[in-house]
Amino acid sequence: MRRVLVLGSTGSIGVQALEVIAADPELEACGLACGARVTEMEAQAAAHGVTLTSANGGGTVPHDPSLVGLIERSEPDLVVNAIVGAAGLLPTLAALERGVPVALANKESLVVGGDLVAAVRARTGAALLPIDSEHSALWQLLEGVPAERVAAAVVTASGGPFRGRGASELADVDVSAALAHPTWRMGAKITIDSATMMNKGLEVIEAHHLFQLPYSRIEVVVHPQSLIHAMVRVEDGSLLAHLGPPDMRVPIGYALNWPAPPPPRPPLDLLGRRLDFEAPDEEAFACLPLARAAGLAGGTAPAVLNAANEVAVAAFLDERIRFSDIARLVATALDGCPAAPADSLEAVMDADAQGRETVSSALAEAAR
């Protein structure tokens, strides 16, 4: 029996992780953590027989120490980190320090602290198992290809609700339109990130850290059907693709059961389906090139990028800024917070705070 601690249990990934756990007799939930939705978490705990829980009250707590305590008390065999944002970094580090594998849906752990995570893993040997559908697909594809034969990794993007619109058409889109994702059902923050394509930019940085690939060998292709989750270009010019339904329970099951095979699920039927591909419009969706630039800059630049984006997205959801202001505010933060070495948690936390403060100050100035 594998004991699984689910962080972010009331979010979309957390809920589906608990569905996977409930359906598998070899898995059991040993602890839960949430933000504001405490009543929902309490209902989950009762349904799954869990007695150890933690909640931060719903505030933005980038480095919540209570989650470290929950990891210690619950003694998990595996931690599912489905927390939203930079708040996921500290529990990722804490679990890996204890040699506990992490099934990672919190891409910000690697965006904000990729170098720190790598250093901890080198010391402890703890596994990092990607849950994001794109990275799970790459993980499975790359297992079968010798590293010297890999020409590039291709991360697919749905294009979000505004695929095909130009920059001039995006300035005044409202929150409800941005939350109407055509393929996936996700939390509000990640849905907005999908609409701006920041989510795909963060995934490029995540892929860089997960698979030790240079940014020049990580591509993004828009694929609106969301059936191909990732591809690998091989040196002979061929392209290997991982196809599957847009169902997050598939990559969750793969990570939670690893190294054993996941439980069987209904096969993907391709009859009558079409597969379309197009290049992302980096003028209309400027967050994508901003993320790639931050990744190339390295150090604390990705931490600033992520922090600035979190504050800007929250302001958009509160209808305090326009959709097009998100990328503008992120660019302002990157310009105002030069990259420094990300060689300690304190350095990363300082960069995170600087990014948040830069955007908060810009918002306050604009409101005057």
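Look up: the structure comes first, before these words.
In this report, the structure presented in the accompanying data block is examined. (Residues numbered from 1 in each chain as written. Predicted model: local features only at pLDDT ≥ 70, side-chain atom pairs only at ≥ 80, totals over all residues. Heavy atoms only, no water.)

### With respect to the overall build of the protein chain
Worth spelling out the cut-off: Only DSSP runs of H or I reaching four residues or more are called helices, and only runs of E reaching two or more are called strands; each is numbered from the N terminus. Here the globule rule is a power law, 2.2 Å times the number of residues to the power 0.38, and the radius of gyration is based on C-alpha atoms. Residue contacts are counted whenever heavy atoms from the two residues lie within 4.5 Å of one another. Using a 1.4 Å probe, accessible areas were evaluated by the Shrake-Rupley method; residue-level cover was limited to the displayed protein chains. A residue counts as positive if it is Lys or Arg and as negative if it is Asp or Glu; His and the chain ends are not included. Where a charge lies is defined by one atom per residue type: Lys uses NZ, Arg uses CZ, Asp uses CG and Glu uses CD.
Secondary structure summary: the protein chain contains 14 helices and ten strands in total. Taken over C-alpha atoms, the radius of gyration comes to 20 Å for the protein chain, in line with the 21 Å a tight globule of 368 residues would show. Excluding contacts between residues fewer than 6 apart, the proportion of contacts in the protein chain whose partners are at least 24 apart in sequence is 70%. As displayed, the protein chain has an accessible area near 15200 Å², and 53% of this comes from carbon and sulfur atoms. A gap of 3 Å separates the mean positions of the 26 positive and 44 negative side-chain charges of the protein chain.

### Things to note about the pairing of strand 9 (residues 228-234)
Put simply, the rule is: Buried means the residue's accessible area, taken with a 1.4 Å probe over protein chains only, is under 20% of the maximum for its type, while exposed means over 50%, and partly exposed covers the values in between. When DSSP finds two or more bridges between a pair of strands, those strands are recorded as paired.
Burial analysis of strand 9 places six of its seven residues in the buried class, which makes it a mostly covered element. Alignment of strand 7 (residues 150-157) against strand 9, held across five bridges, turns out to be antiparallel. In the strand pairing of strand 9, Ala 153 is matched with Val 232. Bridge analysis of strand 9 against strand 10 (residues 239-243) gives five bridges, and the strand direction is antiparallel. By the bridge assignment, Met 231 is partnered in strand 10 with Ala 241. Hairpin connection between strand 9 and strand 10: a loop of four residues separates the two successive antiparallel strands, and Gly 237 in this loop has a positive phi of roughly 95°.

### Quick notes on the packing of aromatic side chains
Spelled out, the test is: Two aromatic rings from Phe, Tyr or Trp, using only the six-membered ring of Trp, form a pair when their centres are within 6.5 Å; if the ring planes differ by under 30 degrees the pair is stacked, by over 60 it is edge-to-face, and anything between is tilted.
Under the counting rule described, the total for this entry stands at four aromatic pairs. Taking 6.1 Å as the distance between ring centres and 50° as the angle between the ring planes, the aromatic pair formed by Trp 139 and Trp 258 counts as tilted. Here Trp 139, found in helix 6 (residues 133-142), pairs with Trp 258, found in the loop between helix 10 (249-257) and helix 11 (287-297); they are 119 residues apart in sequence, far enough to count as distant. Taking the relative accessible area as the measure of exposure, Trp 258 reaches 30% and is therefore partly exposed. Ring centres of Phe 162 and Phe 323 lie 5.2 Å apart, and the angle between their planes is 80°; this geometry places the pair in the edge-to-face category. Residue Phe 162 is found in the loop between strand 7 and helix 7 (175-178), and its partner Phe 323 is found in the loop between helix 12 (301-317) and helix 13 (325-336); the two are separated by 161 residues along the sequence. Each member of the aromatic cluster is reached from another via a ring pair, and the members are Trp 139, Tyr 254 and Trp 258.

### Some words on helix 1 (residues 12-22)
All of the buried residues along helix 1 are Ile 13, Gly 14, Gln 16, Ala 17, Leu 18, Val 20 and Ile 21. Check the buried side of helix 1 and you find it contacts strand 1 (2-7), strand 2 (27-34), helix 2 (38-48), strand 4 (78-81) and helix 10.

### Considerations on the packing of helix 8 (residues 188-196) against helix 12
Operational definition: Every angle, taken between N-to-C directions, lies between 0 and 180 degrees, and every axis is a line fitted to C-alpha atoms, over only the stretch in contact when it is a helix. Roughly parallel covers angles under 35 degrees, roughly antiparallel covers those over 145, roughly perpendicular covers 65 to 115, and oblique covers all other angles. Gly falls in the polar group here, along with every residue not listed as nonpolar (Ala, Val, Leu, Ile, Met, Phe, Trp, Tyr, Cys, Pro) or charged (Asp, Glu, Lys, Arg).
At a minimum axis separation of 10 Å, helix 8 and helix 12 run at an interaxial angle of 100°. Judged by the angle between their axes, helix 8 and helix 12 are roughly perpendicular. Residues Ala 188, Lys 189, Ile 192 and Asp 193 of helix 8 pack against Asn 309, Glu 310, Val 313, Phe 316 and Leu 317 of helix 12. In terms of residue class, the contact of helix 8 with helix 12 is built from five nonpolar, one polar and three charged.

### Quick notes on the sheet that holds strand 4
The parallel open sheet is built from six strands, whose spatial order is 3-2-1-4-5-6. Strand pairing shows two members of the sheet lacking a second neighbour, strand 3 (53-55) and strand 6 (128-130), which therefore form its edges. Between one strand axis and the next, the sheet turns through 25° on average, direction left out of account. Alignment of strand 5 (residues 102-104) against strand 6, held across three bridges, turns out to be parallel. Pairing of Leu 104 across the sheet is with Pro 130, part of strand 6. Contacts from helix 2 reach strand 2 and strand 3 within the one sheet, and its direction differs from that of strand 2 by about 165°. Across the sheet, helix 5 (residues 108-124) touches strand 4, strand 5 and strand 6, and the angle it forms with strand 6 is around 145°.

### Description of the pairing of strand 2
Going by this rule: Look down the strands so they point away from you; if the path from the first strand over the helix to the second goes clockwise, the crossover is right-handed.
Most of strand 2 is tucked away, with seven of its eight residues classed as buried. In this structure, strand 1 lies alongside strand 2, joined through six bridges in parallel fashion. Of the residues in strand 2, the one forming a bridge with Val 6 is Leu 32. Pairing geometry for strand 2 and strand 3, over three bridges, is parallel. Across the sheet, the residue bridging to Ala 33 is Ser 54, located in strand 3. The handedness of the strand 2 to strand 3 crossover, carried by helix 2, is right-handed.

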